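# Per-entry structural report
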Amino acid sequence: MANFNFIQMADPQVGMFDRFSGMDPEAAALLREHGLNVKDTPKSEGLKLDRLNLTTAVEQIKKIDPAFVVVCGDMVDTAGDENEIALIRETLGAYGAETPVHWVPGNHDIGVNNLIPDSESTAKYRSEFGDDYYSFSHGESKFIILNSVVLDRPQNLLDEHQNQMDFLGDTLQSRESKDSEHVVAFMHHPLFLDNAEEADVDFDWAPSPPNQPSGYWTIPLERRTPVVKLLREAKVETVFAGHWHRNHQASDNGLDVVVTSALGYPLGDDPSGYRIVTVADGALNHEYREL
Ligand SMILES: [Fe+2]
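Below you will find a few notes about this structure.

Criteria and cut-off values
- Residues numbered from 1 in each chain as written.
- Predicted model: local features only at pLDDT ≥ 70, side-chain atom pairs only at ≥ 80, totals over all residues.
- Heavy atoms only, no water.
- Buried < 20%, exposed > 50% of the residue type's maximum accessible area, 1.4 Å probe, protein only.
- Helix = DSSP H or I, 4+ residues; strand = E, 2+ residues; numbered from the N terminus.
- Pairing = 2+ DSSP bridges.
- Core = buried A, V, L, I, M, F, W, Y, C linked by side-chain atoms within 4.5 Å.
- Donors = N, O, S within 2.8 Å, 3.2 Å for Na, K, Ca; no water.
- Tetrahedral: all angles 85-135°; square planar, octahedral: opposite > 155°, others 65-115°.
- Axes fitted to C-alpha atoms, helices over the stretch in contact; angles between N-to-C directions.
- Contact = heavy atoms within 4.5 Å.

## Description of the pairing of strand β8 (residues 248-252)
Across the two faces of β8 the burial differs, with His 248, Ala 250 and Asp 252 buried and Gln 249 and Ser 251 not buried at all. Across 5 bridges, β8 lies against strand β9 (residues 255-259) in antiparallel orientation. Bridge pairing links Ala 250 to Val 257 in β9. If you look at the hairpin formed by β8 and β9, you'll find 2 residues sitting between the two strands, and Asn 253 has a positive phi there, around 50 degrees.

## Here's the deal with the nonpolar core
Ranked by size, the top nonpolar core spans 41 residues in total, and within it Phe 20, Val 38, Leu 172, Leu 191 and Leu 231 carry the most contacts. Contributing elements (two or more residues each) for this core: α1 (16-20), α2 (25-33), α8 (158-173), β6 (183-186), α10 (221-233) and β9. Of all hydrophobic cores here, the second largest spans 26 residues; its members include Val 14, Leu 54, Ile 88 and Val 101.

## Looking at the coordination of the iron ion
Surrounding the iron ion are the protein donor atoms Asp 74 (OD), Asn 107 (OD1), His 188 (NE2) and His 243 (ND1), at 2.2 to 2.3 Å. What the 4 donor atoms of the iron ion show is an angle range of 83 to 168 degrees at the metal, which sorts the shape as irregular. For the iron ion, the single-chain donor residues occur in sequence as D-x32-N-x80-H-x54-H. Of this pair, Asp 74 sits in the loop between β2 (69-71) and α4 (82-95) while Asn 107 sits in helix α5 (residues 107-110), and the two are 33 residues apart along the sequence. There is no split in this pair, since Asp 74 and Asn 107 are both buried.

## Some remarks on the sheet that holds strand β11 (residues 283-290)
Spatial strand order, β3-β2-β1-β10-β11: 5 strands in an open sheet with mixed pairing. Each edge of the open sheet is held by one strand with a lone partner, namely β3 (101-103) and β11. Across the sheet, the mean angle from the axis of one strand to that of its neighbour is 20 degrees, orientation sign disregarded. Both strand β10 (residues 273-280) and β11 contribute to a ladder of 8 bridges, which runs antiparallel. When the sheet's bridge partners are listed, Tyr 274 is paired in β11 with Arg 289. Lying on the sheet, α4 is in contact with β1 (4-9), β2 and β3; it crosses β3 at an angle near 125 degrees.

If you want it as C-alpha cells, here you go:
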C-alpha cells in the first residue's frame, strides 16, 4: 500500500482582511450576532495580511513536501479581481510548479454576487483556474473535485448541474474507483453540518450571515440527497470542505464531512491554518495545523 500525505486548505479568500479589518463597530456587532467572530482589529488595507498567510503557508508546506495540495475554494474575495488572483498565482500557483495544486471553486470565485454562478462566471473561472470539477488518482486512491457552487444554486446552469451529477455517478462507478483504496471528495460548501437529512434551516450555532438566505452554509437538501446517495453507494468515507471559516466535523452513517478553517480570515475561534491528511497502512487520518 502506498503511504503519502497531502494538504487540504480552504478560503485563502485574498482581500477579506481588507474588508473585515477595522470594520465599523455596528457592522461588526451585527456580524457577531450572526455567529461570525469578527475581531476588533485596526484597518489593514491592501493584501499585506493575505500575503503573509499565503507565503507562511507555502514555506511550511514545502517542508512537509506533500504529494499534492487541494484548495477547497474561495481563493479570492472578489471574483475576477486581478490583484487578488495575482497574489494566489505568485504564492500557491508558483508552488504548483513543483507540487500539484488542485483548485476547487468557491462561491466567491464563481458565483455572481458571491452566490449564483452563470455561464459567463463559470467560463471565466475555467480560464483562470481550469476545470471546476474533475478527478485524479494518487497512490491507490481516487480524488474527486466538485463544484458545490452549482450544486448550491444551479438555476442558471441546469445543464452544468446535470453534467456534474453524471460525472460524479460515472466516476464513482468506474472500475478505477471501485478498485481504489480510498475515494475522497472535495467541495467548497459542506454537504451538511449535522446530518445528511437536515433541513435547509439555520442551526443556532451556525446562523446564516445577515442578508444571506437561510441555510447559506450547506448544500440544500433537494440537491444534497442525490449526491449523498451516490457517495454512499460508492462507500466514500470523507468529503473535505471549507466555506465556514471554522473547523468542524459531521458524521452520518460512515460519511464524514470535514470542514477546514480558513487559510485567510477566520470566522470562528480556530486560527488561520490548513489540514494535513495522511494516507497510511489503509487508513486516512487528518489534523489541522495552525499557521
Ligand atoms: Fe465561501
